[in-house]
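Structural overview
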Amino acid sequence: MGESIRGVTILEKRLSIGKVAKLKGISVKTLRYYDKIGILKPSYVDEFTNYRYYDPGQLLLVEIIYFFRQSGATLQEIAEACKDDDVLKIADFATAQIALAEKQIESLESKIKIYKELCNRIYNDMVNSKNTEPYWKRIKEKTILTTDIPPDADREWMYNGFWNLYQKIRDHNLSTIYDTGYIIDFDVSNKKQPLNYKKIYVEANYTSNSLPIEMDSTPGGECLCINYRQENKKKQVEKLREAVQKVGKKPRFCLEVDTYTNFTTYDNHIEELQIIF
């Protein structure tokens, strides 16, 4: 049975395809496929039974293939790295995988940051939504994409305007938790019409994969806020106007922000008016 070296047949020194499959926890079908594409060819094939046999040293290559597959590499990429039995090519391939893994880590860390910001925003908005009087809070500076609001803008224009900003975020690979709202002028002296809507905005941030795009920013700092729905907006804005007058400082910036108290319906949504000093 097979060739002999010093009384020991070569097949006795090799492992059958079934044995390799059992040792490494992979299927015989997978090993046959590896042979077909040239990524792991058996060291000996019985010419009569066509049964495949592997050298014990090839077990390490099985582990390397498995490791690279778990890391996200394709079989074609692995086959190219392993085809000449050149360990330096495998080392070069591993180095390239390190760079890819680091990008994946960066992407995951960015997603975790966004998830945390989203959770914090929801929790804070739910707490603040219960306030019926003006309240103070500190907000951070943020970068935003904006569009000027034309004088004849209606609700359909607003929907399309925000949609276009969302599209820019996707086209330029920006990150966002979809913090949206309006930049407005707040005229403390005008009791009848203190709010003048100037721009719509969506908060956005650069990532390592972002394409350049011009963005604006809003200031951070202490701000005086109030919540309202459409049915009590006039009353609540008047409360805030009187509170701003008592502060005795000129506001630096004013935002009307869509709160994260409801994601399924927009009608009668809670807005937060932020006066930044």
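In this report, the structure presented in the accompanying data block is examined. From a predicted model like this one, the values you see are computed outputs, not experimental measurements.

What follows concerns the packing of helix H2 (residues 17-24) against helix H4 (residues 58-70). At their nearest, the axes of H2 and H4 sit 11 Å apart, and the two run at 50° to each other. Considering their axes alone, H2 and H4 lie oblique with respect to each other. For the element pair H2 and H4, the recorded crossing hand is right-handed. The residues of H4 that touch H2, namely those facing Val20, Leu23 and Lys24, are Leu59, Val62 and Glu63. Classifying every residue of the contact of H2 with H4 gives 4 nonpolar, no polar and 2 charged.

Read across the open sheet, the 8 strands follow the order E6-E11-E13-E12-E8-E9-E7-E10; overall the sheet is antiparallel. Each edge of the sheet is formed by a strand with only one pairing partner; in this case those strands are strand E6 (135-139) and strand E10 (216-218). Direction aside, neighbouring strands of the sheet carry axes that sit 40° apart on average. Here strand E8 (residues 180-186) runs beside strand E9 (residues 195-203); their pairing, made up of 7 bridges, is antiparallel. The residue bridging Gly181 from the neighbouring strand is Tyr201, located in E9. Packed onto the sheet, helix H7 (residues 155-171) meets strand E7 (142-148), E8 and E9 and runs at close to 30° relative to E9.

What follows covers the packing of aromatic side chains. Using the criterion set out here, one finds 8 aromatic pairs in the structure. Relative to Tyr182, the ring of Phe162 has its centre 5.8 Å away and its plane inclined at 80°; by these criteria the two rings are edge-to-face. Note that Phe162 is positioned in helix H7 and Tyr182 in strand E8, a separation of 20 residues in sequence. Like Tyr182, Phe162 is buried. Consider the rings of Tyr182 and Tyr197, whose centres lie 5.6 Å apart with planes at 85°: the pair is edge-to-face. One end of the pair, Tyr182, is in strand E8; the other, Tyr197, is in strand E9, and 15 residues separate them in sequence. By relative accessible area, Tyr182 is classed as buried at 8%.

Right, let's get into the pairing of E7. Direction of pairing for E7 relative to E10: antiparallel, over a ladder of 3 bridges. Across the sheet, residue Thr143 finds its bridge partner in E10, namely Ser217. As paired elements, E7 and E9 share 5 bridges and run antiparallel to each other. For Asp148, the partnering residue across the bridge sits in E9 and is Lys199.

Note on placement: Glu256 falls in strand E12 (residues 253-258). One polar contact links Glu256 to Tyr228, side chain to side chain, over a distance of 2.3 Å. With near-sequence residues (within four places) excluded, Glu256 lies in contact with Thr180, Gly181, Tyr182, Ile184, Tyr197, Tyr201, Tyr228, Lys233, Glu271, Glu272 and Leu273.

Buried within helix H3 (residues 28-37) are the following residues: Leu31, Tyr34 and Asp35. Down the axis, H3 shows its buried residues gathered within 100° of arc, on one side only. Seen from the buried face of H3, the exposed residues on the opposite side, beyond 90 degrees, are Lys29 and Lys36. Where H3 is buried, its residues touch H2, strand E5 (52-54), H4 and helix H5 (75-82). Positive backbone phi, at 85°, marks Gly38, one or two positions downstream of H3.

What counts as what
- Residues numbered from 1 in each chain as written.
- Predicted model: local features only at pLDDT ≥ 70, side-chain atom pairs only at ≥ 80, totals over all residues.
- Heavy atoms only, no water.
- Axes fitted to C-alpha atoms, helices over the stretch in contact; angles between N-to-C directions.
- Helix = DSSP H or I, 4+ residues; strand = E, 2+ residues; numbered from the N terminus.
- Parallel < 35°, antiparallel > 145°, perpendicular 65-115°, else oblique.
- Left-handed = near helix turned anticlockwise from the far one by under 90°.
- Contact = heavy atoms within 4.5 Å.
- Nonpolar A, V, L, I, M, F, W, Y, C, P; charged D, E, K, R; others polar.
- Pairing = 2+ DSSP bridges.
- Phe/Tyr/Trp six-rings, centres within 6.5 Å; stacked < 30°, edge-to-face > 60°.
- Buried < 20%, exposed > 50% of the residue type's maximum accessible area, 1.4 Å probe, protein only.
- Polar contact = N/O pair within 3.5 Å; in protein donor to acceptor, adjacent residues only side chain to side chain.
- Arc of directions from axis to C-beta.

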